[in-house]
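Notes for the structure review
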Amino acid sequence: MSARVPVITVDGPSGVGKGTLCQWLANRLGFHLLDSGALYRLTALAALRRNLALEDESQVAAVAAGLEVEFLAVTEGAPRIVLEGETVGDELRSETCGNAASRIAALPAVRAALLQRQRDFRQPPGLIADGRDMGTVVFPDANLKLFLTASAEERTHRRHKQLNEQGMNANLKNLADEIAKRDARDSQRAAAPLRPAADAETLDTTRLSIAEVCNWALMRTRRRLGLPKNS
Ligand code: DC
């Protein structure tokens, strides 16, 4: 799609609240949403279902390249995700799947296989892109690049609350360990490590409410895209 279609990138570590912000912003502006983490989770899930070793780079990359997935818009909340004809929900959001996603995401061939699929989400009237390398690798020419941070403790609490709300059990101590492991893997890998783009605007959300974070992002988006105050 034309590089002129506006794109706003939102990057940051696990549990920082990118998903909530991106869904809200996309909904508010009537923009498309790219949940790039879901593509890595779906690849991991499809690889696990085929009993592949998660370190098998060429096989997992082939799964990523051939991923048969649909994101179906629903009236409110996250889209319904259909993998190979079957709706996937809780399984995709589980920490097991998140960790598997983080492992396969370190493989350069897997990232390369998902690159164009992510760029194809850039459709009019605009895109909100949620991930780890949206501003650095996937959309280096984005109109606006945001980067969210929060303390590891706060992110553990947020993820715990979210999992509980979805009816999934999570032990706080295990969750803290898994988030720490995932942070280390995502930011220390050689291929597209988690880091803010040089031209990103960073916000520490540790002590902020969801509404405050949304408002911060909306104000910057309006200003950058020249949108009216009531948009
Ligand atoms: O955002 P998430 O928790 O759904 O992402 C799951 C994993 O996928 C995350 O630990 C790292 C990886 N990922 C990535 O490497 N690059 C992205 N753009 C998005 C996610």
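Everything discussed here concerns the structure shown above.
We now turn to the structure provided with this report. (Residues numbered from 1 in each chain as written. Predicted model: local features only at pLDDT ≥ 70, side-chain atom pairs only at ≥ 80, totals over all residues. Heavy atoms only, no water.)

**With respect to helix α1 (residues 18-29)**
When the terminal C-alpha atoms of α1 are compared, their 16 Å separation across 12 residues agrees well with the 16 Å that a helix rising 1.5 Å per residue should span. All buried positions along α1 are accounted for by Lys 18, Leu 21, Cys 22, Leu 25, Ala 26 and Leu 29. Taken around the axis of α1, the buried residues stretch over an arc of 125°, which confines them to a single face. Structurally, α1 contributes buried residues whose contacts are with β1 (7-11), β2 (32-35), β6 (127-131), β7 (144-149) and α10 (210-225). Looking one or two places after α1, you find Gly 30, whose phi comes out positive at around 70°. (Helix = DSSP H or I, 4+ residues; strand = E, 2+ residues; numbered from the N terminus. Expected span 1.5 Å × (residues − 1). Buried < 20%, exposed > 50% of the residue type's maximum accessible area, 1.4 Å probe, protein only. Arc of directions from axis to C-beta. Contact = heavy atoms within 4.5 Å.)

**What about unusual backbone geometry?**
Look at the link from Pro 124 to Pro 125: it is a cis peptide, with omega at 5°. By the secondary structure assignment, Pro 125 is in the loop between α6 (108-119) and β6. The backbone of Asn 51 shows a phi angle near 55°, a positive value even though the residue is not glycine. Tracing the backbone shows Asn 51 in the loop between α2 (36-49) and α3 (57-65). Unlike most non-glycine residues, Ala 192 shows phi in positive territory, near 45°.

**Quick notes on the environment of Arg 207**
The residue Arg 207 is located in the loop between β8 (201-204) and α10 in this model. For Arg 207 and Ser 151, which are 56 residues apart along the polypeptide, the C-alpha to C-alpha distance reads 9.4 Å.

**Section: the sheet that holds β1**
Read across the open sheet, the 5 strands follow the order β2-β6-β1-β7-β8; overall the sheet is parallel. Of all the strands in the sheet, just β2 and β8 have a single pairing partner and so form its edges. When strand polarity is set aside, the average angle formed by the axes of neighbouring strands in this sheet is 20°. For β1 and β6, the ladder comprises 5 bridges, and the chain directions are parallel. For Ile 8, the partnering residue across the bridge sits in β6 and is Ile 128. Relative to β2, α2 is tilted by about 45°, and along the sheet it contacts β2 and β6. (Pairing = 2+ DSSP bridges. Axes fitted to C-alpha atoms, helices over the stretch in contact; angles between N-to-C directions.)

**As for the pattern of salt bridges**
Two side chains that carry opposite charge are able to pair once their charged atoms sit near each other. Under the defined criterion, the tally for this structure stands at 18 salt bridges. Among the salt bridges present, the one from Glu 95 reaches Arg 159, with a minimum N-O distance of 3.2 Å. Taken together, the residues Glu 95 in helix α5 (residues 95-104) and Arg 159 in helix α8 (residues 152-165) connect sequence positions 64 residues apart. Of the two residues examined, Glu 95 and Arg 159, each falls in the buried class. (Salt bridge = Lys/Arg side-chain N within 4 Å of Asp/Glu carboxyl O.)

**Details of the packing of α2 against α5**
Each pair of packed helices can be summarised by the angle the axes make with each other and by the distance between the axes. The interhelical angle for the contact between α2 and α5, taken along N-to-C directions, is 100°, at an axis separation of 8 Å. Of the possible angle classes, the one that applies to α2 and α5 is roughly perpendicular. Residue-level inspection shows Tyr 40, Arg 41, Thr 43, Ala 44, Leu 45 and Leu 48 of α2 in contact with α5, the latter providing Cys 97, Gly 98, Ala 100, Ala 101 and Ile 104. In the contact of α2 with α5, the residues fall into 8 nonpolar, 2 polar and 1 charged. (Parallel < 35°, antiparallel > 145°, perpendicular 65-115°, else oblique. Nonpolar A, V, L, I, M, F, W, Y, C, P; charged D, E, K, R; others polar.)

**Concerning the site of the ligand**
Close to the ligand lie 15 residues; Arg 41, Arg 111, Arg 132, Asp 186 and Arg 189 are nearest. Here Ser 36 contributes a side-chain N or O atom positioned 3.0 Å from a nitrogen atom of the ligand. In this structure, an oxygen atom belonging to the ligand sits 2.9 Å away from a side-chain N or O atom of Arg 132. Considering the ligand on its own, with 450 Å² of exposed area, one finds that the protein chains cover 97% of that surface. At the level of secondary structure, the elements contributing two or more residues to the shell around the ligand comprise α2, α5 and α9 (172-188). (Near = heavy atom within 4 Å. Polar contact = N/O pair within 3.5 Å; in protein donor to acceptor, adjacent residues only side chain to side chain. Areas by Shrake-Rupley, 256 points an atom, 1.4 Å probe, with all protein chains shown as cover.)

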